[in-house]
Amino acid sequence: MFENIVEVRNLRKEFAADAVAVKDISFCVNKGEIFGLLGPNGAGKTTTIHMMLGLTRPSSGSIKIFGKDIEKDRVEILQRCNFASAYVYLPWNLKVWENLFIFSEIYGIKNRKEKIEYLLELFEIENLRNKITGTLSAGEQTRLNLCKAFLNDPELLLLDEPTASLDPDLADKVRKILKQLQKERSITVINTSHNMLDVSELCERILFVQHGNVIAEGRAEELMAKFGGASLEEVFITIARSSRLEGALGK
Amino acid sequence: MNLRTVRALLLKYAFICSRNTFRAMDVFFWPLMDLLVWGFLTLYLLKVSSAVPTLITFLIGAVIMWNILYRAQQVISVSFLDDVWNRNLLNIFAGPVRLSEYVAATYVTGILQSLIVLAILSSAAALFYSFNIFEIGLVFGAFFVNLLLMGWSLGLLTTGVIVRFGPPAEALAWAVPFLIQPVSAVFYPVSVLPPFIQPIAKLVPASYVFEGMRQILEHKTYDPNGLLISFALNVVYMLIAAFVFRHFFEEARNKGLLAKYGS
């Protein structure tokens, strides 16, 4: 039987009466699963992730992670999670190892030096340990963010477009590392991405969201069969365009 | 509260300061400039006029103690702004960090920075003007604590406003202390203020500290009631500041502002 690590029920976020980022999203994620949150810009993916991290308060609905409510047990939950985003950075004027050292202290990592070295090597940035973070390329910063995300051996990892600034070669390497770590440690991953290769290679199940609503849910091949696309990218374009057309026609 | 988290956030601030020359100037350079300008101006006034001889001690003591309050306030707001400017705020609050731990780390940073400023300014005052601030005696410790508490309240309120209103409010981090300086009796007694402003000055904890300092320097005695009133006011303001900050922080979460500033 699957163990639900994440249970999101009827999640809604209204920033204003005419600005509803998330209308009604529900989903569950099983232990050890890599779950994709897919959708065009403004679909509500990042807002959903932020609500799951307790950074934004939902207007209604509930989020349970490890069976606990994020609003009530935020710190306890976040101790077992981690997060990386292509759009969130670590202090630019600190050295790479300093940033990782600070976060290892925040997460209470015991063997922090060994852990930092291991992750720097895993993501192939060990030569950057004494570099100032602000001098790193976008791709190097992304890998540094991923190092930070694995510091505490998270049981749940939330990734917001983790390979957005990586070239195809590095993106492929990062996907392989993510797969390897997920297999070895049974990590549950929620991954938002616009990169269809990321989603189809990594994610076992996909939730397609559009205008804050769930449009479809299933495995990549199930979605392709349902929407008649030869690839996930075609499915994405079909759903996004049909939804935009509906919006334009006021349906 | 987890002390390990507080220590980690303190370490972050120490690393950031040690790498940023301009930030280090806030601690080492600007307070010293303040002291030198006011000190030499007073020496000049003493030369050209029959100003009260104790004027130099009043003004130098005031500059030193004002900087304690100012740095304690500023460091709280600037620590938060650092995380906004670094787009690191989400990494912090997506981690197991309680709001109380975040605030506690900035408070401790405020103590450390105020102590460093005190060490620098008291040494410079001794060197250039033969003025020893510690001649005030043990009561200086009570003055220090009251100024620190007021700095914390102001810092927390300022940060709350910045959290709620975002980048347009950033300038408050440096401006807020100067808004209350005219009614804080820093360089002159409350009695010289217009009568309708004096009641306002009496609601400012720092005014009792600066009045107390002048009493000691001039008459070698002070009114302990003033310090008690100052402390009581500080406790009330700390509670109000904590409530306002918490309220604004929750409002920022509701409006998705943390996510907006953090990425």
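Residues numbered from 1 in each chain as written. Chains lettered and ligands numbered in written order. Predicted model: local features only at pLDDT ≥ 70, side-chain atom pairs only at ≥ 80, totals over all residues. Heavy atoms only, no water.

A. Representation of the overall build of chain B in the model. Assigned secondary structure in chain B consists of 12 helices and zero strands. Taken from N to C terminus, the helices and strands of chain B fall in the order α-α-α-α-α-α-α-α-α-α-α-α. Here chain B has a C-alpha radius of gyration of 19 Å; the compact-globule value for 263 residues is 18 Å, and the two agree. The C-alpha extent of chain B, read off along each of the three principal axes, is 60 × 40 × 30 Å. In chain B, buried positions account for 56% of the 263 residues. Contacts spanning at least 24 positions in sequence make up 78% of the contacts within chain B whose residues lie at least 6 apart. A total accessible area of about 11200 Å² is found for chain B, and carbon and sulfur atoms account for 72% of it. (Helix = DSSP H or I, 4+ residues; strand = E, 2+ residues; numbered from the N terminus. Rg over C-alpha atoms; globule rule 2.2 N^0.38 Å. Buried < 20%, exposed > 50% of the residue type's maximum accessible area, 1.4 Å probe, protein only. Contact = heavy atoms within 4.5 Å. Areas by Shrake-Rupley, 256 points an atom, 1.4 Å probe, with all protein chains shown as cover.)

B. Looking closely at the overall build of chain A. Along its length, chain A carries nine helices and 10 strands. Whereas a compact globule of 251 residues would reach a radius of gyration of roughly 18 Å, chain A reaches 18 Å, a difference of no more than 12%. Buried residues in chain A amount to 55% of all 251 residues. Look at the contacts in chain A between residues 6 or more apart in sequence, and 67% of them connect residues 24 or more apart. Per element, the accessible surface of chain A, about 10600 Å² overall, is 50% carbon and sulfur. Side chains of chain A carry 33 positive and 35 negative charges; the gap between the two charge centres is 3 Å. (Lys, Arg positive; Asp, Glu negative; His and termini not counted. Charge placed at Lys NZ, Arg CZ, Asp CG, Glu CD.)

C. Geometry of the nonpolar core. Judged by nonpolar contacts, the single largest core of 172 residues is most densely connected at Val-6, Phe-27 and Ile-190 of chain A together with Met-65 of chain B. Of the residues forming this core, the biggest block, 18 residues, is contributed by helix α4 (residues 55-85) of chain B. Aside from chain neighbours lying at most four places away, what touches Phe-27 of chain A is Val-6, Glu-7, Val-8, Phe-35, Leu-37, Thr-48, Met-52, Ile-190 and Leu-207 of chain A. (Core = buried A, V, L, I, M, F, W, Y, C linked by side-chain atoms within 4.5 Å.)

D. Up close: the packing of aromatic side chains. Here the structure, examined in full by the defined rule, presents 18 aromatic pairs over all chains. Aromatic pair Trp-97 of chain A and Phe-101 of chain A: ring centres 6.1 Å apart, planes at 75°, arrangement edge-to-face. Of this pair, Trp-97 of chain A and Phe-101 of chain A both sit in helix α3 (residues 96-106), separated by four residues, roughly a single helical turn. Judged by relative accessible area, which is 18%, Phe-101 of chain A ranks as buried. Seen in terms of ring centroids, Tyr-107 of chain B and Trp-152 of chain B are 4.3 Å apart; in terms of plane orientation they differ by 5°. Their pairing is stacked. Of this pair, Tyr-107 of chain B sits in helix α6 (residues 99-129) while Trp-152 of chain B sits in helix α7 (residues 139-165), and the two are 45 residues apart along the sequence. For the pair formed by Tyr-107 of chain B and Trp-152 of chain B, the shared burial category is buried. (Phe/Tyr/Trp six-rings, centres within 6.5 Å; stacked < 30°, edge-to-face > 60°.)

E. Local environment of the packing of helix α4 (residues 112-122) of chain A against helix α6 (residues 168-185) of chain A. Residues and elements named next belong to chain A. α6 packs onto α4 with a crossing angle of 135° between their chain directions and a minimal axis gap of 12 Å. When the interaxial angle is binned, α4 and α6 end up oblique. On α6, the residues that touch Lys-115, Tyr-118 and Leu-122 of α4 are Ile-177, Leu-181 and Arg-185. A class-by-class count of the residues in the contact of α4 with α6 yields four nonpolar, no polar and two charged. (Axes fitted to C-alpha atoms, helices over the stretch in contact; angles between N-to-C directions. Parallel < 35°, antiparallel > 145°, perpendicular 65-115°, else oblique. Nonpolar A, V, L, I, M, F, W, Y, C, P; charged D, E, K, R; others polar.)

F. A look at the pairing of strand β2 (residues 19-30) of chain A. Residue and element names in this part refer to chain A. Bridge count between strand β1 (residues 4-16) and β2: eight bridges; the pairing is antiparallel. Bridging across to β2, Val-8 finds its partner in Phe-27. Linking β1 back to β2 in an antiparallel pair, the connection comprises two residues. (Pairing = 2+ DSSP bridges.)

G. Here's a closer look at α6 of chain B. Under the 1.5 Å per step criterion, the end-to-end length of α6 of chain B is 43 Å for 31 residues, consistent within 8% with the ideal 45 Å. Remark: Ser-130 of chain B follows α6 of chain B within two positions and exhibits a positive phi of approximately 50°. (Expected span 1.5 Å × (residues − 1).)

H. Here's a closer look at the interface of chain B and chain A. Taken residue by residue, the interface counts 32 residues in chain B and 34 residues in chain A. A combined buried area of about 3100 Å² lies between chain B and chain A, and 57% of that area is made up of carbon and sulfur atoms. Ranking the residues of chain B by area buried against chain A places Asn-91, Pro-96 and Arg-253 of chain B at the top, with a combined share of 22%. The interface formed by chain B and chain A includes three salt bridges. Between Arg-253 of chain B and Glu-71 of chain A there is a salt bridge, and its shortest N-O distance comes to 2.7 Å. Where chain B touches chain A, the interface holds 13 residue pairs in polar contact (both at pLDDT 80 or more). Examining the composition of the side of chain B that touches chain A, we find that 10 residues originate from one element, helix α1 (residues 3-19) of chain B, more than from any other. (Buried area = accessible area lost by both parts, 1.4 Å probe. Salt bridge = Lys/Arg side-chain N within 4 Å of Asp/Glu carboxyl O. Polar contact = N/O pair within 3.5 Å; in protein donor to acceptor, adjacent residues only side chain to side chain.)

I. Spotlight on the pairing of strand β6 (residues 81-85) of chain A. All names here are of chain A. Burial analysis of β6 places five of its five residues in the buried class, the great majority of the element. Residue alternation in β6 divides its side chains into two sets, Cys-81, Phe-83 and Ser-85 and Asn-82 and Ala-84, and both sets are buried. Relative to strand β7 (residues 156-160), β6 runs parallel, the two sharing five bridges. Paired with Cys-81 across the strands is Leu-156, a residue of β7.

J. Layout of α3 of chain A. Residues and elements named next belong to chain A. In terms of residue burial, α3 counts as a mostly covered element, since 10 of its 11 residues are buried. What α3 keeps buried is the set Val-96, Glu-98, Asn-99, Leu-100, Phe-101, Ile-102, Phe-103, Ser-104, Glu-105 and Ile-106. Positive backbone phi, approximately 70°, marks Gly-108, located one or two places after α3.

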